[in-house]
Amino acid sequence: MPVVIVTVDDVHLAELDAVAQSLRRHGLQVEQVLPEVGLITGQLPVGHALAELRVEGVAAVEEARSIRLPPPDAAVQ
């Protein structure tokens, strides 16, 4: 399941829990609600589109990306 990051718009920051509940109803398995930065993270089951998470209060939805760095002792490329 892809990890998803949802950014809540400024108008709905005070209603972050309500936005998270709405996202749950649309299939997101909410893992974290981060009120300090207005983000909600979770996993979206296969077969669900990111567009399904564009509910009231959501400014942006994106799939999380992972970045890997070589170990400190790796040769410089």
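Here the structure is a predicted model, which means the values were calculated and not measured.

Undergrad: Would you mind going over the overall build of the chain with me for this structure?
TA: A count of helices and strands for the chain gives one helix and four strands. Its helices and strands taken in sequence order, the chain reads β-α-β-β-β from the N to the C terminus. Here the C-alpha atoms of the chain give a radius of gyration of 15 Å, more than 25% beyond the 11 Å that 2.2 N^0.38 yields for 77 residues. Its C-alpha atoms give the chain principal-axis dimensions of about 50 × 30 × 15 Å.

Undergrad: So what exactly am I meant to see when it comes to the sheet that holds strand S4 (residues 58–63) here?
TA: Strand pairing in a sheet relies on backbone hydrogen bonds, with the paired strands running either antiparallel or parallel. The strand order across the open sheet formed by four strands is S2-S3-S1-S4, and the pairing between neighbours is antiparallel. At either end of the open sheet lies a strand with only one pairing partner, and these are strand S2 (29–34) and S4. Within the sheet, the average angular offset between the axes of one strand and its neighbour, ignoring direction, is 20°. In terms of strand pairing, S2 meets strand S3 (residues 39–43) through five bridges, oriented antiparallel. Note on S3: the bridge partner recorded for Leu-34 is Leu-39.

Undergrad: In this structure, what is going on with the nonpolar core? I would like to understand it.
TA: Side chains of nonpolar character tend, in soluble globular proteins, to be buried together. Grouped together as the largest cluster of nonpolar side chains are 15 residues, with contacts concentrated most on Val-4, Val-6, Leu-23, Leu-28, Ile-40, Leu-53 and Val-58. Looking at this core, the elements that each hand over two or more residues are strand S1 (3–8), helix H1 (16–25) and S4. In contact with Ile-40, other than residues within four places in its own chain, are Val-4, Ile-5, Val-6, Val-8, Leu-16, Val-19, Ala-20, Leu-23, Leu-28, Val-30, Gln-32 and Val-33.

Undergrad: Help me understand the environment of Arg-25 in this model?
TA: Examined against the element boundaries, Arg-25 turns out to sit in helix H1. Between the C-alpha atom of Arg-25 and that of Leu-53, which follows or precedes it by 28 residues, the distance is 9.4 Å.

Undergrad: What's the story with the side chain of Thr-41 in this structure? I'm lost.
TA: If you trace the backbone, Thr-41 turns up in strand S3. Here Thr-41 is in contact with Val-4, Ile-5, Gln-29, Val-30, Glu-31 and Gln-32, once residues within four sequence places are set aside.

Undergrad: Even after reading the chapter, I still don't get the environment of Ala-49, so can you show me in this structure?
TA: By the secondary structure assignment, Ala-49 is in the loop between S3 and S4. Spatially, the C-alpha atom of Ala-49 lies 9.6 Å from that of Gly-27, the residues being 22 residues apart in sequence.

Undergrad: What is the right way to look at the environment of Leu-16 in this model?
TA: When you line up the elements, Leu-16 lands in helix H1. For Leu-16, a relative accessible area of 5% puts it in the buried group. Sequence-distant contacts of Leu-16, that is, excluding residues within four places in its chain, are made with Val-8, Val-33, Leu-34, Pro-35, Gly-38 and Ile-40.

Conventions adopted
- Residues numbered from 1 in each chain as written.
- Predicted model: local features only at pLDDT ≥ 70, side-chain atom pairs only at ≥ 80, totals over all residues.
- Heavy atoms only, no water.
- Helix = DSSP H or I, 4+ residues; strand = E, 2+ residues; numbered from the N terminus.
- Rg over C-alpha atoms; globule rule 2.2 N^0.38 Å.
- Pairing = 2+ DSSP bridges.
- Axes fitted to C-alpha atoms, helices over the stretch in contact; angles between N-to-C directions.
- Core = buried A, V, L, I, M, F, W, Y, C linked by side-chain atoms within 4.5 Å.
- Buried < 20%, exposed > 50% of the residue type's maximum accessible area, 1.4 Å probe, protein only.
- Contact = heavy atoms within 4.5 Å.

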